[in-house]
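Residues per chain are reported as follows:
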Amino acid sequence: APTRRGAQPGGAAGRWSSVASVLAPRGDAISDTQRAHARAGVLLERYGVLAREAFAQESWRGGFGGVYPVLRAMEESGKVRRGHFVEGYQGAQFAYAGAVDRLRSARDSLASLAVGSLLVLAASDPAVPFGTLLPWPAPTSPLARPRRSVGARVALADGRLVAFIERGARKLWTFRDAHAAPPEFVARALRGLFADRSSSVLRVEEIDGAPASESPLAEALVRSGFRRGYRGLELERSALGSSAP
């Protein structure tokens, strides 16, 4: 339909036009190659590093195989780079040069791990790749079942998953490949939960399937302000100002 102004019989008002006229202003049909090229650009901007795993989150037809020839042509023309940029992705990975440079910069800046680099996010946050783009890392306990559930939190440092905190913070799970991270990371992540909680006491009853007071992390939590209780390790909101996070 041509561009029009004013109220329409169907109730629509304002300036409007058909999608086809925007995509093909000269009336030309959109080819499969044009469509695949547009998709490749959108996904490169969305994910930064584009691999087969990303298409599991999309509903576009053809999947990775449908856009792969376009990505290969973009690499041959120097528009994108192909390599192994993200651990856990399988097969070819593509990214703009700027995205690769930013990954290298982030890797170099996090060479020396500091407590300030800790990031705590909702487990369902799109910024968390685990459970969607990447599999969950191996947990310390075989009883752990991390999932992207509402109310759960994850703590990440240097790109590694340090802890999974279940809703309510009664249970906490750690991961094998994050054991080099300081235990203070877990303490800081738990203390940060008070920011969006109204309760006056936070109680951790289990860590990796065992009583929290028996965990190797217990001493670090006590130093952070937790106290040993008969049901686990407890932190009162009033204690937040008495010790550093």
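The rules behind these values
Residues numbered from 1 in each chain as written. Predicted model: local features only at pLDDT ≥ 70, side-chain atom pairs only at ≥ 80, totals over all residues. Heavy atoms only, no water. Pairing = 2+ DSSP bridges. Helix = DSSP H or I, 4+ residues; strand = E, 2+ residues; numbered from the N terminus. Contact = heavy atoms within 4.5 Å. Axes fitted to C-alpha atoms, helices over the stretch in contact; angles between N-to-C directions. Parallel < 35°, antiparallel > 145°, perpendicular 65-115°, else oblique. Nonpolar A, V, L, I, M, F, W, Y, C, P; charged D, E, K, R; others polar. Buried < 20%, exposed > 50% of the residue type's maximum accessible area, 1.4 Å probe, protein only. Core = buried A, V, L, I, M, F, W, Y, C linked by side-chain atoms within 4.5 Å. Phe/Tyr/Trp six-rings, centres within 6.5 Å; stacked < 30°, edge-to-face > 60°.

## Things to note about the sheet that holds strand 1 (residues 49-50)
So, step 1. Pairing is antiparallel across the open sheet formed by three strands, whose spatial order is 1-3-2. Two strands in the sheet have a free side with no partner beyond their single neighbour: strand 1 and strand 2 (81-83).
So, step 2. Sheet topology places strand 1 next to strand 3 (residues 93-95); two bridges connect them, and they run antiparallel. When the bridges of strand 3 are listed, Leu50 appears paired with Phe94.
So, step 3. Contacts from helix 3 (residues 63-76) reach strand 1, strand 2 and strand 3, with the element oriented near 55° to strand 3.

## Points about the packing of helix 2 (residues 32-47) against helix 3
A pair of packed helices is characterised by two quantities: the angle between their axes and the separation of those axes.
So, step 1. It is at 9 Å that the axes of helix 2 and helix 3 come closest, and there the two elements cross at 75°. The angle between helix 2 and helix 3 falls in the class roughly perpendicular. Two secondary-structure elements touch here, helix 2 through Thr33, Ala36, His37, Ala40 and Leu44 and helix 3 through Gly66, Val67, Val70, Leu71 and Met74.
So, step 2. Grouping the amino acids of the contact of helix 2 with helix 3 by side-chain chemistry returns seven nonpolar, three polar and no charged.

## Side note on unusual backbone geometry
So, step 1. The phi dihedral of Ala169 is positive, around 65°, even though this residue is not glycine.
So, step 2. Relative to the helices and strands, Ala169 is located in the loop between strand 6 (160-165) and strand 7 (171-174).
So, step 3. Taking relative accessible area as the criterion, Ala169 reaches 2% and is therefore assigned buried.
So, step 4. Positive phi is not limited to glycine here, since Asp208 has a value of about 55°.

## Here we look at the sheet that holds strand 5 (residues 153-157)
So, step 1. One open sheet holds the six strands; their spatial order is 4-5-6-7-9-10, and the pairing between them is mixed. Since the sheet does not close on itself, it has two edges, and those belong to strand 4 (119-122) and strand 10 (210-211), each with one partner.
So, step 2. Bridge count for strand 6 against strand 7 is three bridges, and the pairing is antiparallel. From the neighbouring strand, Ile165 faces strand 7, where its bridge partner is Leu172.
So, step 3. On top of the sheet, helix 5 (residues 184-192) reaches strand 4, strand 5, strand 6 and strand 7; it is set at about 45° to strand 6, its chief contact.

## Topic: the nonpolar core
So, step 1. One finds Leu44, Leu50, Leu71, Met74, Tyr89, Val154 and Phe164 to be the most contacted residues of the largest nonpolar core, which totals 34 residues.
So, step 2. Counting residues per element, the ones that place at least two in this core are helix 2, strand 1, helix 3, strand 3, strand 5 and strand 6.
So, step 3. For this core, the element with the highest residue contribution is helix 3, accounting for five residues.
So, step 4. Beyond its immediate chain neighbours, meaning those up to four positions away, Leu44 contacts Leu50, Leu71, Met74, Val80, Phe94, Ala95 and Tyr96.

## What about the packing of aromatic side chains?
So, step 1. This structure, assessed with the given rule, holds four aromatic pairs.
So, step 2. Ring centres of Phe64 and Tyr68 lie 5.7 Å apart, and the angle between their planes is 65°; this geometry places the pair in the edge-to-face category. Taken together, the residues span about one helical turn, with Phe64 and Tyr68 both in helix 3 at a distance of four residues.
So, step 3. The exposure class of Phe64 is buried, given its relative accessible area of 5%.
So, step 4. With relative accessibility at 23%, the residue Tyr68 sits in the partly exposed group.

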